[in-house]
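# Commentary on secondary and tertiary structure
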Amino acid sequence: TDGDYSEGKFTLREAVAIANADADNDYIITFDSGVFSSVGGAETITLSDNLKLEEGITIDGGGLDSVADVEISAYSLIHQSSELITVKNMIITTAGSAKSIILNGSGKLIVDTVSINLSGTATTIGEWGSVTSDSDIVISNSSINHAGTANVLSLNNAGDLTITDTSITGGGRLIVISGSDKNIL
């Protein structure tokens, strides 16, 4: 981050850093319609490192002529919070060994109207290594497509999993759930 928060210079990473530093408030991060427009399709944000979501944050690519396209090559969005994290109205594309969303917290995760496309060897949504999560997970109005051979959803948590109006396809196992005390809705 360069600390330049002027119009057109405020990055997603900078917005997340500000939200993470403020435990007293929840933040909604949206995208500049002057940068993200329907001309030429969705704009792409390429992460250069993992993006840790530590406090109450909503990342909303909606309200634009097109949705934000967050392309993740070797890095992931990491849910590392005891707060509510919402990711909605966007496209997440992941390749290689990166997971789209890593669960490493106890807060609720909502994925709404998101298209997740993964090609590679990593799980689309799941825990990081031996780390487990107590997160409740709600996935709605979304599509998850994994062209690789890994699991699409891999969950070893004590939270509830709710999936509605969502298509899930993949070359590996679609949903792998272990652990106890969970409700699948």
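Notes on the structure follow. (Residues numbered from 1 in each chain as written. Predicted model: local features only at pLDDT ≥ 70, side-chain atom pairs only at ≥ 80, totals over all residues. Heavy atoms only, no water.)

Across its full length, the protein holds one helix and 16 strands. Residues classed as buried in the protein amount to 43% of the 185 residues present. In the protein, once contacts between residues fewer than 6 apart in sequence are set aside, the share between residues at least 24 apart is 68%. Just so you have it, the protein exposes about 8,500 Å², and 46% of that area is on carbon and sulfur atoms. (Helix = DSSP H or I, 4+ residues; strand = E, 2+ residues; numbered from the N terminus. Buried < 20%, exposed > 50% of the residue type's maximum accessible area, 1.4 Å probe, protein only. Contact = heavy atoms within 4.5 Å. Areas by Shrake-Rupley, 256 points an atom, 1.4 Å probe, with all protein chains shown as cover.)

Okay, a nonpolar patch on the surface next. A cluster of nonpolar side chains, contributed by Y5, F10 and I18, occupies part of the molecular surface with about 290 Å² of accessible area. Here Y5 lies in the segment before α1 (12-21). Y5 gets classed as partly exposed once you look at its relative accessible area, which sits at 48%. (Patch = residues over 30% accessible without salt bridge, like charges linked within 9 Å, V, L, I, M, F, W, Y side chains within 5 Å. Salt bridge = Lys/Arg side-chain N within 4 Å of Asp/Glu carboxyl O.)

Turning our eyes to something else, we now look at the environment of D26. In this fold, D26 is placed in the loop between α1 and β1 (27-29). It is 8.8 Å that separates the C-alpha atoms of D26 and E83, two residues lying 57 residues apart in sequence. Ignoring sequence-local partners within four residues, the contact set of D26 consists of G56 and E83.

When you line up the elements, G170 lands in strand β15 (residues 167-170). By relative accessible area, which is 36% here, G170 ends up partly exposed. C-alpha separation for the pair G170 and N145, spaced 25 residues apart in sequence, amounts to 5.6 Å.

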